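Reading the structure
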Protein chains: 4
Amino acid sequence: MGDISYSNNSGISNGNSHANAMLVQRKGCWYEEEIEENLRWCFALNSILHTGASQYQDIQLLDTKPFGKALVIDGKLQSAETDEFIYHECLVHPALVHHQNPTNVFIMGGGEGSTARELLRHNTIAKVVMCDIDQEVVDFCKSYLVVNRVAFCDPRLELVINDARAELERREESYDVIIGDLADPIEGGPCYKLYTKTFYELTVKPRLNKGGIFVTQAGPAGVFSHAEVFSCIYNTLRQVFKYVVPYSAHIPSYADIWGWVMASDTPFVLGADDLDLRMKHRIKGENRYLDGKTFTSASTFCKAVRKSLDNETHVYTEGTARFIYGHGHGHNSATKHN
Amino acid sequence: MGDISYSNNSGISNGNSHANAMLVQRKGCWYEEEIEENLRWCFALNSILHTGASQYQDIQLLDTKPFGKALVIDGKLQSAETDEFIYHECLVHPALVHHQNPTNVFIMGGGEGSTARELLRHNTIAKVVMCDIDQEVVDFCKSYLVVNRVAFCDPRLELVINDARAELERREESYDVIIGDLADPIEGGPCYKLYTKTFYELTVKPRLNKGGIFVTQAGPAGVFSHAEVFSCIYNTLRQVFKYVVPYSAHIPSYADIWGWVMASDTPFVLGADDLDLRMKHRIKGENRYLDGKTFTSASTFCKAVRKSLDNETHVYTEGTARFIYGHGHGHNSATKHN
Amino acid sequence: MGDISYSNNSGISNGNSHANAMLVQRKGCWYEEEIEENLRWCFALNSILHTGASQYQDIQLLDTKPFGKALVIDGKLQSAETDEFIYHECLVHPALVHHQNPTNVFIMGGGEGSTARELLRHNTIAKVVMCDIDQEVVDFCKSYLVVNRVAFCDPRLELVINDARAELERREESYDVIIGDLADPIEGGPCYKLYTKTFYELTVKPRLNKGGIFVTQAGPAGVFSHAEVFSCIYNTLRQVFKYVVPYSAHIPSYADIWGWVMASDTPFVLGADDLDLRMKHRIKGENRYLDGKTFTSASTFCKAVRKSLDNETHVYTEGTARFIYGHGHGHNSATKHN
Amino acid sequence: MGDISYSNNSGISNGNSHANAMLVQRKGCWYEEEIEENLRWCFALNSILHTGASQYQDIQLLDTKPFGKALVIDGKLQSAETDEFIYHECLVHPALVHHQNPTNVFIMGGGEGSTARELLRHNTIAKVVMCDIDQEVVDFCKSYLVVNRVAFCDPRLELVINDARAELERREESYDVIIGDLADPIEGGPCYKLYTKTFYELTVKPRLNKGGIFVTQAGPAGVFSHAEVFSCIYNTLRQVFKYVVPYSAHIPSYADIWGWVMASDTPFVLGADDLDLRMKHRIKGENRYLDGKTFTSASTFCKAVRKSLDNETHVYTEGTARFIYGHGHGHNSATKHN
């Protein structure tokens, strides 16, 4: 590297010094994340756009070279401009299109605004409640994530700053779809309680209308990383709902496969074509990532993961918790944060 | 980090200093790879096991913390102990099980030995020709990749050191399956010629028996990275063979989805269950990653990639070549090298 | 690190999560510089304050955690807020205080403004000509380096945008002190010509008044790194001037010892106390780094470097040039840039 | 960098591909150290030669590109092949040559063997006691640090595995010179007690013969870093001995200036020439770094450091301790470890 990159440092009167200079400069500043204790993922930086802090967390908006603008909370990537559409299309649309006629949705977390944005593309939606615990994160995203500005102003959106559990218990009305857009269930973590069997049974299920669907982000779902929390979230929901569908997608900026789990007491009967038809009629604009075929593929896991999902016995309860050293925490890095 | 890691440096008479010391030491040595110009992927190292050099390339065997032993050629990861099974099961088994009765296989490249190892698990196989250009790489892997020792000694394996194209042209006999286990088609790269329409038409196809199948690794196949070479390899094969099936899988140590393309003039008619049945009867031992369902899912791409595969018009020819700055090269990093 | 840093990612209701969060966030963004090809020096970043580009170079002002605001040109550190005073006090004051009555000074390069700032602290100074080739760098520093604002506005400062050699040749008047604040003499580099015997003989010396002194930054001067350019600059000046004094100082942000060479045809006769006395009378404000004793020590090298300075035979001429692979260029990184 | 480094990955038939390959490979593996929490120092690695562990610490011998073989304990650099001579010549020779006739020396720590090696070059030496607490570290260095093999076998060397304080108190005989080659005095650290006023008064001083000299490594001594422990060690010794001389030297692999303090109740009266004369007569072989002039310069600090040494009021006692967050610990990294 020496040659190319160094030569331009002395390239003042040298024709291509500028190009080289750019090359060098491009490589000067980096954002570094520890995916796991022994694994680092580093993005070259254009700039550090904004920084903020709440009583809970530190917030940064970075301009990265490989993935565009990136929202970082407590030094961990939350979502990146170039590929957040994958996470949010997968979190929102499968549950909504499987539902007969979703009008009323509750988001636990989701302060970034992208989950609401995807929901509000559905012409069946009359009301979305977004309940995030951190006012500052919401304000930060409101002001800086241009792509979600319209959503934040949509009259159908009701924004509440509160603990998701307290809010769900406080409210009388119930919902067609409830969405969990929260940090992973790390023991002692902020969101662990929002992944337990008790919570699903006593708080979530009672707030679902007949035919209602619950869906949650479920952490990394790679051939190895699914064992951290994904398989346990799946197995915990299996204890509470009659029909449970896990699915996954690769998110480049997370350097891993990501997982979601959808659950209901009404069976999921639609095929790829039915899903495409409903998306066509209900969703404003085109999805980039998700359609019927994509969902069929996304909900069919490789042999190793299928086996391990079938064999999972762990259930999240207030009492027990699974904590895989490093991993669980490490991957928290790449989870959505409430 | 300061606290934990530093405190133990002074922890001589301090109970948990050793544990902490381990923590620090673990973080001292790193293997760093530039996936792309602006994207780095770093593994903590236990040790640098072996290093060697050939007239073509430099070779290293590293002991990494996140992915075990890793083969690195010219400073680029070739394969890692913990997940190479994904790459090699995907490269070998789909073509072999789709074939009526594969007895005779030619590997272009594959000096690492893992492709031969997977082939030799098939009880239909009578002969495997592995043709790699680099004697030293082969010798290096022979001596250090314990997992492939048995394969290297199998009497059904014929090892040839030669340019794959020259060798295919030299030989009279033809094959049931021909496998491309080569570096990506980077213009000016070592393997570009082995991905062109002419090569497929005039060299590969004539060497395939009736009902024969060609399969090749096809570079990164992520939602963005597939545009580097994967879609062009697919489209080039579409010009030469009647039936072409692209498929992909996430390989953690590559930090990306990887792609393969399978091609034949005989249709691929088997469903998931047929594939499972054939694997059960033909393959010694259990696959970890691949089975019928896995293949169905692996060969169904997300909306964005399907669209872009359909619309791909570029064809690799001796004349033309597609070179995406940085990417193409960057990802070469993670490709198999002949 | 896992523990501390990760735990706080999930530390919402956890008392010290914020402090920990800071810890994590602090470690997210880094400025990385290759001091040499195999040696990296990395600063944690608070922010990237400003970026710009000229026809010659790319310019950044970074806010670094270990060294405060840092000026980076073509991806190489030029000077850092916390320790630039060392470089600039050493470049300016020894020559000025050794001179009988310096009124008139010419700076080759120095666009950053810090060299002028130190000069203008001398009450003997009537006029300073600063001749830098890069208008944009000068404008960038003018607007962003607050510490030099006053200097840039001083009526005694004449700022010229031109090649230093052309400018010196163009001008009739001569100077009491001429200061070289330029990039290292790398062959093919922008400044090589401004370090040659011919340049010193035919351009610099004729522009010095009787009793005049020339001083130049002279690159890294560490126990090993002095061999890159420092000893050659010293030896080249030895060919042209009767009295030549090399000296050095450690600059933390450069991760090395730095060197300067002072030359004249009038002997340097002052002792530490004389220097202190003159500084007391002539310099406005207090030096932080340099005084008489400091200079005595700075101009006395360790055995290894003294030996190698004595034995140096290389002379910079238009024809010859010394280029030590990697080093010369690498350290250019840390040199002042014109 | 992209260009050069990437092109060679595909450079099989490309003339200079091998050279480039080397370039790439060279950059693959790195040793990384956090000098401070926000400051990293990274060496490219050739290999990891040996690793070991004791009840106290983890031990590694690395082969680094910039500084040759490097001894790393608990993930922190202890000494590097290319420049350890600076540290050890500075630790040993000033005290020994200032002493009238040193025959009998006690080393606290020094398990690496280099301090003993330098001592044994003195023809006045009859006996050296090296007292290190860690048998494994000693054994590791004995077997792997070839440069110290002869010293370890010298009949004049008595090696004791014990706590330095206990050993000094246990022994009857006293010494001409006592040398502290220990980790920095970090509160709660392994060696803090060996830097306190009480220890110097009640343990060290009573064990010094008439005219005896005590010398200790004293941590980083840079323009900023001297405030971590160097100035306190100096001030603490000032309370106990009549004559105290601090001095320093730049050690490239430590990325900082390092400090030592020499103390006695007999004045240090020798000038540079006297020192040179004694070295000439007493020391076998040539010093590379230290001679009379070097010591004069090394014991004359810059204005900022002189001021802060004069004004230092902190004294290390069992009760009090100074701990500068990050720094103290960070720099422990680069200190000699007992």
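What counts, and where the lines are drawn
- Residues numbered from 1 in each chain as written.
- Chains lettered and ligands numbered in written order.
- Predicted model: local features only at pLDDT ≥ 70, side-chain atom pairs only at ≥ 80, totals over all residues.
- Heavy atoms only, no water.
- Helix = DSSP H or I, 4+ residues; strand = E, 2+ residues; numbered from the N terminus.
- Buried < 20%, exposed > 50% of the residue type's maximum accessible area, 1.4 Å probe, protein only.
- Contact = heavy atoms within 4.5 Å.
- Areas by Shrake-Rupley, 256 points an atom, 1.4 Å probe, with all protein chains shown as cover.
- UniProt positions renumbered as here; feature names shortened; annotations may be inferred.
- Domains from an automatic or database assignment.
- Buried area = accessible area lost by both parts, 1.4 Å probe.
- Salt bridge = Lys/Arg side-chain N within 4 Å of Asp/Glu carboxyl O.
- Polar contact = N/O pair within 3.5 Å; in protein donor to acceptor, adjacent residues only side chain to side chain.
- Nonpolar A, V, L, I, M, F, W, Y, C, P; charged D, E, K, R; others polar.
- Pairing = 2+ DSSP bridges.

As named in an unreviewed UniProt entry, chain A is thermospermine synthase, taken from Daucus carota subsp. sativus.

Attention shifts here to the overall build of chain A. Across its full length, chain A holds 13 helices and 12 strands. Counting every position in chain A, which comprises 338 residues, the buried fraction comes to 68%. Contacts spanning at least 24 positions in sequence make up 67% of the contacts within chain A whose residues lie at least 6 apart. Surface accessibility of chain A: about 10,500 Å² in total, with carbon and sulfur atoms responsible for 51%.

Within the UniProt annotation, "domain: PABS" (unreviewed entry) is assigned to residues 28-265 of chain A. With 25% helix and 40% strand, the stretch residues 28-265 of chain A has end C-alpha atoms that lie 53 Å from each other.

Residue and element names in this part refer to chain A. The domain boundaries assigned to chain A delineate domain 1 (30-78) and domain 2 (83-311). When each unit is reduced to the centre of its C-alpha atoms, the spacing between domain 1 and domain 2 is 23 Å. At the junction of the two partners, domain 1 supplies 18 residues and domain 2 supplies 14 residues. Both sides together, the interface formed by domain 1 and domain 2 hides about 1,300 Å², and carbon and sulfur atoms give 72% of it. Applying the counting criterion to the domain 1 and domain 2 interface returns zero salt bridges. There are four residue pairs in polar contact (both at pLDDT 80 or more) connecting domain 1 and domain 2. Of all elements in the fold, only strand E2 (39-53), strand E3 (58-64), strand E4 (68-73) and strand E5 (76-80) reach the threshold of two or more residues within the side of domain 1 that touches domain 2. The dominant element in the side of domain 1 that touches domain 2, judged by the number of residues it contributes, is E2, at six residues.

Let's shift gears to the interface of chain A and chain B. Every contact between the two is made by 45 residues of chain A and, on the other side, 45 residues of chain B. Interface area lost by chain A to chain B is led by Asn38(A), Arg40(A) and Lys303(A), which between them contribute 18%. If you look at where chain A meets chain B, you find five salt bridges. Secondary-structure elements contributing two or more residues to the side of chain A that touches chain B are helix H2 (17-26), strand E1 (29-36), E2, helix H3 (84-98), strand E12 (256-264), helix H11 (292-298) and helix H12 (303-311) of chain A. Sorting elements by how many residues they give to the side of chain A that touches chain B places E2(A) first, with six residues. Classifying every residue of the side of chain A that touches chain B by side-chain character gives 23 nonpolar, seven polar and 15 charged. Inspection of the sheet shows E2(A) paired to strand E2 (residues 39-53) of chain B by five bridges, in the antiparallel sense. Directly across from Phe43(A), in E2(B), lies its bridge partner Leu39(B).

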